[in-house]
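Read off the chains here:
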Amino acid sequence: QVQLVESGGGSVQAGGSLRLSCVVSGRALSNYGMGWFRQAPGKEREFVAAITWSGRRTYYGDSVKGRATISRDNAKNTVDLQMNSLKPEDTAVYYCAARYTGFAIADLTVESRYNYWGQGTQVTVSS
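All figures in this text were calculated on a predicted structure; none of them were measured in a lab.

S.K.: I would appreciate a short explanation of the overall build of the chain in the present structure.
M.R.: Summing up its helical and strand segments, the chain has zero helices and eleven strands in all. Listed N to C, the secondary structure of the chain is β-β-β-β-β-β-β-β-β-β-β in terms of helices and strands. Projected onto its principal axes, the C-alpha positions of the chain cover 40 × 25 × 25 Å. In the chain, the proportion of contacts linking residues at least 24 apart, taken out of those at least 6 apart, comes to 60%. For the chain, the accessible area works out to roughly 6500 Å², and carbon and sulfur atoms hold 45% of it. Mean positive and mean negative side-chain charge positions of the chain (14 and 10 charges, respectively) differ by 6 Å.

The following block contains the structure:
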């Protein structure tokens with residue numbers, strides 16, 4: 001059984017930074033593209049960032065481009081999301097997700113194509 005567990009969320013003031021981590025158990029990550037999505041109250045879940053199975057390609061949503069960095073360690077089965085210059089509009093529950101891609105390049109921005117999801121971690125940014 002595949003489990004994704006996020007951590008690192010919390011409360012921070014605008015301009016601050018947070019590093020979110022996702023630990024995956026039950027499956028080796030090496031054939032999976034990994035993504036981060038977020039959902040704010042009353043809004044649909046939106047794409048934040050993604051990284052291919054090899055780590056060679058990364059993708060970012062427009063709202064976080066230039067402020068976020070996604071990285072992975074396949075040996076440790078972890079994926080991290082570093083968020084800088086946080087804004088109140090970054091307040092949301094952040095979810096880690098895994099999509100089986102084999103060794104192919106796939107569109108990792110589409111929420112519905114992910115196979116596994118974590119429970120989420122809350123990020124609150126105050127002004």
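S.K.: Explain the packing of aromatic side chains here, please?
M.R.: Within a pair of aromatic rings, the relevant descriptors are the distance that separates the centres and the angle that separates the planes. Using the criterion set out here, one finds seven aromatic pairs in the structure. Plain terms: the ring middles of F37 and W117 are 5.1 Å apart, the flat faces sit at 55° to each other, and that makes the pair tilted. Of this pair, F37 sits in strand β4 (residues 32-39) while W117 sits in strand β10 (residues 116-117); the two residues are 80 residues apart in sequence, bridging distant segments of the chain. For F37, a relative accessible area of 1% translates into the label buried.

Conventions used here
- Residues numbered from 1 in each chain as written.
- Predicted model: local features only at pLDDT ≥ 70, side-chain atom pairs only at ≥ 80, totals over all residues.
- Heavy atoms only, no water.
- Helix = DSSP H or I, 4+ residues; strand = E, 2+ residues; numbered from the N terminus.
- Contact = heavy atoms within 4.5 Å.
- Areas by Shrake-Rupley, 256 points an atom, 1.4 Å probe, with all protein chains shown as cover.
- Lys, Arg positive; Asp, Glu negative; His and termini not counted.
- Charge placed at Lys NZ, Arg CZ, Asp CG, Glu CD.
- Phe/Tyr/Trp six-rings, centres within 6.5 Å; stacked < 30°, edge-to-face > 60°.
- Buried < 20%, exposed > 50% of the residue type's maximum accessible area, 1.4 Å probe, protein only.

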